[in-house]
Amino acid sequence: MIITKGKSRVVIENVQPQVDGGLYPAKRTIGERVTVTADIFGDGHDHIRAHMLYRKEGAKQWNHQEMTPSYNDTWFASFTVTEKGAYEFTVMAWVDHFDTWYDGFKKKATAKVDVHVELQEGVNHLKALGGDKNDTLKAAIGQLQGDYTAAIHFVQGEAFGRLVHEHPLIQHETTYDKTLRVVVEHVKANFSAWYELFPRSASLDGKHGTFKDVIKLLPRVSAMGFDVLYLPPIHPIGKVNRKGKNNNVRAELGEPGSPWAIGNDEGGHKAVHAELGTLVDYKKLIEEAKKLNIDIALDLAFQCAPDHPYVKEHPEWFKQRPDGSIQYAENPPKKYQDIYPFNFETDQWMELWVELKSVITFWIEQGVKIFRVDNPHTKPIPFWEWAIAEVNKEYEDIIFLAEAFTKPKVMASLGKIGYTQSYTYFTWRVYKSEIIEYMNELVHGPSRNYFRPNFWPNTPDILPFHLQQQGENIFILRLALAATLSSNYGVYGPVYEFYENVPVQGREEYHDSEKYEVKHHDWKKTSRATDIMYMINKARKENAALQSTWNLNFCTIENVNLLAYIKATDDLSSIILTVVNLDPNGRHSGYVQLPKSLLKLGDRINVKVHDLITDEHYTWTQEWNYVELDPYKLPFHLFKVEVHESYL
């Protein structure tokens, strides 16, 4: 905080939202509210007033929004962002001597103290406000200079109180020493439903799948309500050191290898695997998906198989070992003999950066708008900051999802420097207390301004212990949690909706993992989960309350196995109450407390709740209401809430 004028008496501190002292912008999407808070105080007992100033970056004029004081000298105001791009904001505060005078005058007049001098002071304040140019102020001056008793009565009236409020006397103001920024992105950055499948397993006839087979599956993906279809890497797969079934270090003849071992003599990161089809076929897939409002997400995995063209053409981009070999990837005890990581400490680092950025722009030119980035935490954060910024200069509405299950500070940094969305620890948050703690951290902690969570119950790499050897109930309740706690979520299918649950013994990995072999799924098969996916995704699209992560509020319910939370839009036009039974094998009941203040409920309650999954309807007329969930019927309620006028 810098005092720019010796007469300034107000201190402004801790303006939020700001990320790393304003080094990075806060993030929002179109239609979201930005609530600005600041610690504002001064000496003595004079009245302080404050304005939050905001504008679209580049606009000449600032918009002024009055700030409201709350607990412990914290003030707040908010504005809604309506356009993509950058907004900027700051805070201004001052001692308002007019408002201070007004408060003192009322107290003195009520105490029958002589206020002749005070009336003249009021005239001086009105003149300082420009009373000689404003008809309303000029009339008020006349009232204060007229009959003494009438003047007192006039100042004590409601009209004069409104005048004082609407005409702040801004003098010797303090302005916060930073102009802070908010970057506003398109709506899909904050609201999306992802479905992952392996294209080589998309065939309906038992052969190696192709992009044309994936096109045939688009109606299935659309029918379940997903709007992003994510495919693991689509590039040629390395032939040298190719991995076999269950990560065997040697592939048998005909085994396809891991799609993440990218590149062979047929091409690298700008080529497509011949058995999947051609680049023309891939672009056709993107085109057909768009007709169903589905975006195709490309897996961006910056690593190479030993026979990738880069290895031969640019050996300087890889780490050379003393014996002349190239260092392959390791995560002890795991070894990835089929993958060479890039050496970002090469003397030719800039050439490497430029080439990798060109991979991104190549696929954008083919029609890709969404990238799921594999292991971004194993590449330098400065590279990502540069690459994402450069891409965003050239192209609009590109989404980067960080697949980084790593240390919290690294995940946070990736969000700050430009990643649109991020994988999270939700996959391992199972019990009520840890779910509440984690969600409060995401929603109410500082990361809210830069870290957009994307919840996945499973991935091709992760079959968490709580899903192993379990039945459909746990899969359905974890689906419900992911899709209603977070506005961005995804599943790896069809193993998820088919409840595949056999692990590698003692590890959170799938036995006979699809990462190393072609699977032949029954794509015509449906399950209870496919039906519920459709209903949940339909509810998400039709109810604005479910289109944000940031409006989450937990409700009290006295059962450790029941989790209840409510989401509502600011105007309460959309309210969703979700209650989940976290025990997949047992029936549980309890009383859920409605948040009366949040829902603006009076003492008499009249609330209609409609379960969007079972189509059951209830009327609640009290604050505490009984719920019971049998997981074998359904392990969750998804209530649409309508608040009716209280009974007379």
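In this text the structure is predicted, and so the values were computed from the model without any measurement.

What follows is about the sheet that holds strand β21 (residues 453–454). Reading across from one edge, β21-β20-β19-β18-β13-β12-β11-β22 is the order of the eight strands in this open sheet, with parallel pairing throughout. Single-partner strands in this sheet number two, and they are β21 and β22 (488–492). Across four bridges, strand β13 (residues 295–300) lies against strand β18 (residues 370–374) in parallel orientation. Along β18, the bridge assignment pairs Asp 299 with Arg 372.

Turning next to empty space enclosed by the protein. Scanning the entire structure with this criterion turns up three cavities of 30 Å³ or more. Within this model, the largest cavity holds a volume of roughly 60 Å³. Surrounding the largest cavity, Phe 198, Pro 199, Arg 200, Pro 232, Pro 233, Ile 234, His 235, Ile 237, Pro 259, His 273 and Leu 276 form its lining. Here the lining of the largest cavity is composed, by residue class, of eight nonpolar, two polar and one charged.

For the rest of this paragraph, the subject is a nonpolar patch on the surface. Where nonpolar side chains cluster on the molecular surface, the patch consists of Trp 349, Met 350 and Val 354 and spans about 250 Å² of accessible area. Along the polypeptide, Val 354 turns up in helix α9 (residues 349–365). Of the residues examined, Val 354 reaches a relative accessible area of 45% and is grouped as partly exposed.

Our next topic: the nonpolar core. Core analysis: the largest hydrophobic core is formed by 123 residues, its most contacted members being Leu 229, Tyr 282, Phe 342, Phe 371, Trp 384, Leu 481 and Phe 636. By residue number, the principal contributor to this core is helix α13 (residues 472–485), which donates ten residues. Judged by nonpolar contacts, the second largest core, of 26 residues, contains Val 36, Phe 79, Val 91 and Val 184.

Attention now moves to the sheet that holds strand β6 (residues 68–69). Read across the open sheet, the four strands follow the order β1-β3-β7-β6; overall the sheet is antiparallel. Across the chains shown, the open sheet's two edge strands, defined by having one partner strand only, are β1 (10–16) and β6. Of the strand pairs in this sheet, β1 and strand β3 (residues 33–42) are connected by five bridges, and their pairing is antiparallel. Counterpart to Glu 13 in the pairing with β3 is Asp 39.

Attention now moves to the UniProt feature "active site" (unreviewed entry) in the protein. Here the UniProt feature "active site" (unreviewed entry) sits at Asp 374 and Glu 403. For the residues just named, distributed over 30 residues, the greatest C-alpha separation is only 5.3 Å, placing them together at one site. With respect to the helices, strands and loops of the structure, Asp 374 is situated in strand β18. Taking relative accessible area as the criterion, Asp 374 reaches 6% and is therefore assigned buried. Look past the residues within four positions of Asp 374 in its chain and what remains in contact with it is Trp 260, Asp 299, Leu 300, Ala 301, Gln 303, Lys 379 and Glu 403. Classification of Glu 403 by relative accessible area gives buried; the value is 6%. If we skip the residues at most four places from it in the chain, Glu 403 touches Arg 372, Val 373, Asp 374, Asn 375, Pro 376, His 377, Tyr 423 and Asp 461. A polar contact of 2.9 Å, which involves the side chain of Glu 403, links it to the backbone nitrogen of Asn 375.

Among the nine residues in strand β4 (residues 48–56), eight count as buried, and that is most of the element. In the sheet, β4 pairs with strand β5 (residues 63–66) via four bridges, with the strands oriented antiparallel. Among the inter-strand pairings, Leu 53 is bridged to a residue of β5, identified as His 64. Between β4 and β5, which follow one another and run antiparallel, lie six residues, and Gly 58 among them has a positive phi close to 100°.

Following the UniProt record, the feature "domain: Glycosyl hydrolase family 13 catalytic" (unreviewed entry) maps to residues 192–540 here. Along residues 192–540 one finds 32% helix and 13% strand; the C-alpha atoms at either end are 10 Å apart.

Turning next to the pairing of strand β10 (residues 180–185). In the sheet, strand β2 (residues 26–29) pairs with β10 via four bridges, with the strands oriented parallel. Considered in β10, the bridge of Thr 29 is made with Glu 185. As paired strands, strand β8 (residues 85–95) and β10 are joined by five bridges and run antiparallel to one another. In the sheet register, Phe 89 faces β10, and the bridge partner there is Leu 180.

Residues Gln 16 and Pro 17 are joined by a peptide bond in cis, for which omega reads 5°. Inspection of the secondary structure assignment puts Pro 17 in the loop between β1 and β2. Residue Asp 73 is not a glycine yet carries a positive backbone phi of 65°. Following the sequence through the fold, Asp 73 ends up in the loop between β6 and β7 (74–80). Classification of Asp 73 by relative accessible area gives partly exposed; the value is 41%. Its identity as a non-glycine residue notwithstanding, Asn 293 has a phi of 60°, on the positive side.

Basis of the calculations
Residues numbered from 1 in each chain as written. Predicted model: local features only at pLDDT ≥ 70, side-chain atom pairs only at ≥ 80, totals over all residues. Heavy atoms only, no water. Pairing = 2+ DSSP bridges. Helix = DSSP H or I, 4+ residues; strand = E, 2+ residues; numbered from the N terminus. 1 Å grid on protein atoms, 1.4 Å probe; cavity = no way out; pocket = protein on both sides within 12 Å on 5 of 7 lines; lining within 4 Å. Points joined across faces, edges and corners; volume = space filled by probe spheres on them. Nonpolar A, V, L, I, M, F, W, Y, C, P; charged D, E, K, R; others polar. Patch = residues over 30% accessible without salt bridge, like charges linked within 9 Å, V, L, I, M, F, W, Y side chains within 5 Å. Areas by Shrake-Rupley, 256 points an atom, 1.4 Å probe, with all protein chains shown as cover. Salt bridge = Lys/Arg side-chain N within 4 Å of Asp/Glu carboxyl O. Buried < 20%, exposed > 50% of the residue type's maximum accessible area, 1.4 Å probe, protein only. Core = buried A, V, L, I, M, F, W, Y, C linked by side-chain atoms within 4.5 Å. UniProt positions renumbered as here; feature names shortened; annotations may be inferred. Contact = heavy atoms within 4.5 Å. Polar contact = N/O pair within 3.5 Å; in protein donor to acceptor, adjacent residues only side chain to side chain.

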